[in-house]
Amino acid sequence: MVSAVARALLASRRVLLVTHVRPDGDALGSVAATKLALEARGIASECLLLSRLPAKYAFVFEQAGVKHVDATDGLPPIEWFNSFDAVLVLDTGTWSQLPGLEKVFPDLKSPILVVDHHRTQEPWGVARWVDTSASAAGEMVIDLVRELGVALDRRIAGALFVAIA
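So, here's what we can say about the structure. Each chain has its residues counted from 1, following the order in which its sequence is written. Side-chain atom pairs in this predicted model are given and counted only at pLDDT of 80 or more, local residue features only at pLDDT of at least 70, and totals for whole chains, interfaces and linings cover all residues. Side-chain metrics rest on all non-hydrogen atoms present in the structure, leaving aside hydrogens and water.

Points about the overall build of the chain
Selection criterion: Think of it this way: any DSSP run of H or I at least four residues long counts as a helix, any run of E at least two long counts as a strand, and we number them from the N terminus. For the exposure calls, accessible area comes from a 1.4 Å probe over protein chains only, and a residue counts as buried if that area is under 20% of its type's maximum, exposed if over 50%, partly exposed in between. Contacts are assigned to residue pairs with any non-hydrogen atoms lying within 4.5 Å of each other. We get accessible surface area from the Shrake-Rupley algorithm with a probe of 1.4 Å; when it comes to residues, only the shown protein chains can shield them. We count Lys and Arg on the positive side and Asp and Glu on the negative side, and we leave His and both chain ends out. By convention, charge coordinates are those of NZ in Lys, CZ in Arg, CG in Asp, or CD in Glu.
Along its length, the chain carries seven helices and six strands. Tracing the chain from N to C terminus, the helices and strands come up as α-β-α-β-α-β-α-β-α-β-β-α-α. With the C-alpha coordinates of the chain rotated into their principal frame, the extents come out at 35 × 35 × 30 Å. The 165 residues of the chain split such that 52% are buried. Sequence separation of 24 or more characterises 68% of the internal contacts of the chain that already satisfy a separation of 6 or more. For the chain, the accessible area works out to roughly 7,600 Å², and carbon and sulfur atoms hold 51% of it. Considering the chain, the positive charge centre built from 16 side chains and the negative charge centre built from 19 side chains are found 3 Å apart.

Some points on the pattern of salt bridges
What counts, and what does not: Put simply, a salt bridge is a Lys or Arg side-chain nitrogen that is within 4 Å of an Asp or Glu carboxyl oxygen.
Following the criterion strictly, the structure yields five salt bridges and no others. E39 is paired through a salt bridge with R155; the nearest N and O atoms lie 3.2 Å apart. With E39 in helix α2 (residues 25–40) and R155 in helix α7 (residues 154–164), the pair connects residues that are 116 residues apart, well separated along the chain. Residues R52 and D70 are paired through a salt bridge, measuring 2.9 Å at the closest nitrogen-oxygen approach. Of this pair, R52 sits in the loop between β2 (44–49) and α3 (58–64) while D70 sits in strand β3 (residues 68–70); the two residues are 18 residues apart in sequence, bridging distant segments of the chain.

As for the nonpolar core
Rules: Here, the term nonpolar core denotes a set of buried Ala, Val, Leu, Ile, Met, Phe, Trp, Tyr and Cys residues that are joined through side-chain atoms within 4.5 Å.
The biggest cluster of nonpolar side chains holds 39 residues, and the ones touching the most others in it are V5, L9, L88 and L144. For this core, the leading source of residues is α2, giving seven residues. The contacts of V5, once residues within four sequence positions are left out, are L88, L113, V114, V115, A127, W129 and L144. In this structure, F81, V89, I112 and W124 belong to the second largest nonpolar core, which totals 19 residues.

All quantities given are derived from atomic positions and should not be read as evidence of function.
Take a look at the structure:
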């Protein structure tokens, strides 16, 4: 399924990257590495965090030069969401981890893609790559980066190290 996700991303000009509420190192490292890989392919992307960026993991975004939209005080309008060609959800496949998005996603014009390693899943997303044998979403993102045709550089590898460690 990595190929289906990669094809959808490569067909996009602008991608929204989202991860679960209260993000950990795996979530943030996976988002940062994916953003950098998309950037290397000339695909614009933005990161939406549903919680404040945790201070202990802020360095992941800072070292990678990743900026994000903070939705702690409310989600952006539907028009903002519809300005993306695809939405990639990383490190979760359940609505309980994406508060508020269960009301937004059904109205989106763009495809929703999921990359996750957890057993708990809900049936949404047009392309889902779930590998419960992976120890972290970051482990899967390594394969996604390669499938996108991007070499692991220092910034991507650093973000993935945090994701996997």
